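What follows is each chain in one-letter form.
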Amino acid sequence: ARKAMPALIKITKEINPDILLTASNHLNLLCAIYKHKFPKRMKLLARESSIVSQNVKFGKFPWMYNQMLKHFYKKTDVLVCQSEYMKRDLHDNYGIPDKKIRVISNAVIAPDPPKGNVHSIPVFISVGRLRPEKGMTEMLKAVSKLDFPFMLHIVGDGPERNRLEYLAVQLGISEKISFHGNREAPFAIEEKPSLFLITSQYEGFPNAVLEAGALGIPTIAYRAPGGLVEIIRDGENGFLVNPGDPIEFAQKIKQALHYPFNAGNISQRTLANYSPASIIKKWENLFEDILIQR
């Protein structure tokens, strides 16, 4: 990315754009560092897709990277984040003025539905990278406490997969867990899931939870930092659980299986609140505001 900056600076001087939009934390930071090299009339619009202060902890040299963010991120003209929590994080930890931050959540399109009907036993699904911050260890511990037959489909891959497969064996639930790896249509499994499960330590604004909602599938999630608490409403489209409590998580799974969730309402409200048309309109309004202020 560093080697690409001269080429990026050159092309912006050639076409003199109104706005440069970047959408990855390290690219956002690099463009902020080199902002003085870009055309003066051009506005730098950076989009964040995770909780910056949490995400930095898993990178190299977190202290140094944090100092660079605190110094240079203020040079962006506008920062777009996906949730109110992310907005507070940018303000409180990096000193970004509220007037520079805009909250625009992800949009959702209903994914390919499951291939089959409801299975004879409860079926759960979880989608995400198999990394430590996703908390999959606690999910396996939680479902191991269930005293009835079930099947958990885990879609995604990552460095934790081998360890998680071994943990499932240790917990005596390996026959109840199916690791699918990465797949383009994660919800197109054989059975229709009863619940979507997520035990992340933090989340920006998880698309998979929106996609589950679009299919009318309730979610059981940790009340973790990030956008989950803005998506999930207790008793309406799922339940929130105190982080780090696999026992309570298992209890909420049991409760949810007998709770009168309305799949049609969950799907309708999810698609209405996060429709591509409404989200695109927010981006269009932001672009227009930037040009007016230029």
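Computed from a predicted structure; not experimentally measured.

The rules behind the values
Residues numbered from 1 in each chain as written. Predicted model: local features only at pLDDT ≥ 70, side-chain atom pairs only at ≥ 80, totals over all residues. Heavy atoms only, no water. Helix = DSSP H or I, 4+ residues; strand = E, 2+ residues; numbered from the N terminus. Buried < 20%, exposed > 50% of the residue type's maximum accessible area, 1.4 Å probe, protein only. Contact = heavy atoms within 4.5 Å. Areas by Shrake-Rupley, 256 points an atom, 1.4 Å probe, with all protein chains shown as cover. Lys, Arg positive; Asp, Glu negative; His and termini not counted. Charge placed at Lys NZ, Arg CZ, Asp CG, Glu CD. 1 Å grid on protein atoms, 1.4 Å probe; cavity = no way out; pocket = protein on both sides within 12 Å on 5 of 7 lines; lining within 4 Å. Points joined across faces, edges and corners; volume = space filled by probe spheres on them. Nonpolar A, V, L, I, M, F, W, Y, C, P; charged D, E, K, R; others polar. Salt bridge = Lys/Arg side-chain N within 4 Å of Asp/Glu carboxyl O. Patch = residues over 30% accessible without salt bridge, like charges linked within 9 Å, V, L, I, M, F, W, Y side chains within 5 Å. Pairing = 2+ DSSP bridges. Axes fitted to C-alpha atoms, helices over the stretch in contact; angles between N-to-C directions.

Visitor: Can you tell me about the overall build of the chain, naming the residues and giving the values?
Guide: In terms of regular secondary structure, the chain is built from twelve helices and ten strands. Taken over the C-alpha atoms alone, the chain extends approximately 65 × 40 × 30 Å along its principal axes. Counting the 294 residues in the chain, one finds 46% classified as buried. Considering only intrachain contacts with a sequence separation of at least 6, the fraction spanning at least 24 residues in the chain is 71%. A total of about 14,700 Å² of accessible surface is found on the chain, and carbon and sulfur atoms cover 51% of it. For the chain, the separation between the mean place of its 39 positive charges and that of its 29 negative charges on side chains is 8 Å.

Visitor: Got a sec to walk through the layout of surface pockets? Specific residues and values, please.
Guide: Taken as a whole, the largest pocket spans an internal volume of roughly 1,000 Å³. Taken together, 47 residues form the lining of the largest pocket, with Ser 49, Ser 50, Asn 55, Arg 129 and Lys 134 sitting closest to its centre. Counting residues per element, the ones that place at least two in the lining of the largest pocket are α3 (52-55), α4 (62-72), β5 (123-127), α6 (136-143), β8 (195-198) and α8 (207-214). Across the lining of the largest pocket, the residue classes break down as 20 nonpolar, 17 polar and ten charged.

Visitor: Outline the pattern of salt bridges, supporting the account with residue identities and numerical values.
Guide: One pass over the full model with this rule turns up ten salt bridges. A salt bridge links Glu 203 to Lys 134; the shortest N-O distance between them is 2.8 Å. Taken as a pair, Glu 203 in the loop between β8 and α8 and Lys 134 in the loop between β5 and α6 lie far apart in primary sequence, 69 residues in all. On the accessibility criterion, Glu 203 (8% relative accessible area) is buried.

Visitor: Talk me through a nonpolar patch on the surface; I want residue IDs and the actual numbers.
Guide: Together, Phe 61, Trp 63 and Met 64 give the surface a local cluster of nonpolar side chains, amounting to about 430 Å² of exposed area. Classification of Phe 61 by relative accessible area gives exposed; the value is 59%.

Visitor: Would you mind going over the environment of Pro 186 in detail, with residue names and values included?
Guide: For Pro 186, the location among the structural elements is in the loop between β7 (177-181) and β8. Pro 186 gets classed as buried once you look at its relative accessible area, which sits at 12%. Spatially, the C-alpha atoms of Pro 186 and Asp 92 are 36 Å apart, while their sequence positions differ by 94 residues. Beyond its immediate stretch of four places on either side in the chain, Pro 186 contacts Ile 125, Val 127, Val 155 and Glu 211.

Visitor: Describe unusual backbone geometry, listing the residues and the values that go with them.
Guide: Unusually for a residue other than glycine, Asn 16 sits at a positive phi of about 50 degrees. Within the element layout of this structure, Asn 16 appears in the loop between α1 (5-15) and β1 (19-22). Phi at Phe 61 is positive, roughly 50 degrees, even though this residue is not glycine. Tracing the backbone shows Phe 61 in the loop between α3 and α4.

Visitor: With reference to specific residues and values, describe empty space enclosed by the protein.
Guide: If you roll a probe as big as a water molecule over the atoms, it shows you where there is empty space left. Evaluated as defined, the whole model comprises one cavity of 30 Å³ or more. Reported here for the largest cavity is a volume of approximately 160 Å³. Around the largest cavity sit 16 residues that line it, and Ile 231, Arg 233, Asn 237, Ile 266 and Thr 270 are the ones nearest its centre. Of all the secondary structure elements, the ones that give two or more residues to the lining of the largest cavity are α8 and α11 (263-273). Residue contributions to the lining of the largest cavity peak at five residues, all from α11. Taken together, the residues of the lining of the largest cavity sort by class into seven nonpolar, six polar and three charged.

Visitor: Residues and numbers for the sheet that holds strand β4 (residues 101-103), please.
Guide: The four strands are arranged β1-β2-β3-β4 in an open sheet whose pairing can be described as parallel. Pairing within the sheet leaves two strands with one partner each, and these edge strands are β1 and β4. Sheet twist, expressed as the average angle between the axes of neighbouring strands with direction ignored, equals 20 degrees. Looking at chain direction, strand β2 (residues 43-47) and strand β3 (residues 78-81) are connected through three bridges and run parallel. Along β3, the bridge assignment pairs Arg 47 with Val 80. Seen against the sheet, helix α12 (residues 276-293) touches β1, β2, β3 and β4 and runs at an angle of roughly 150 degrees to β2.

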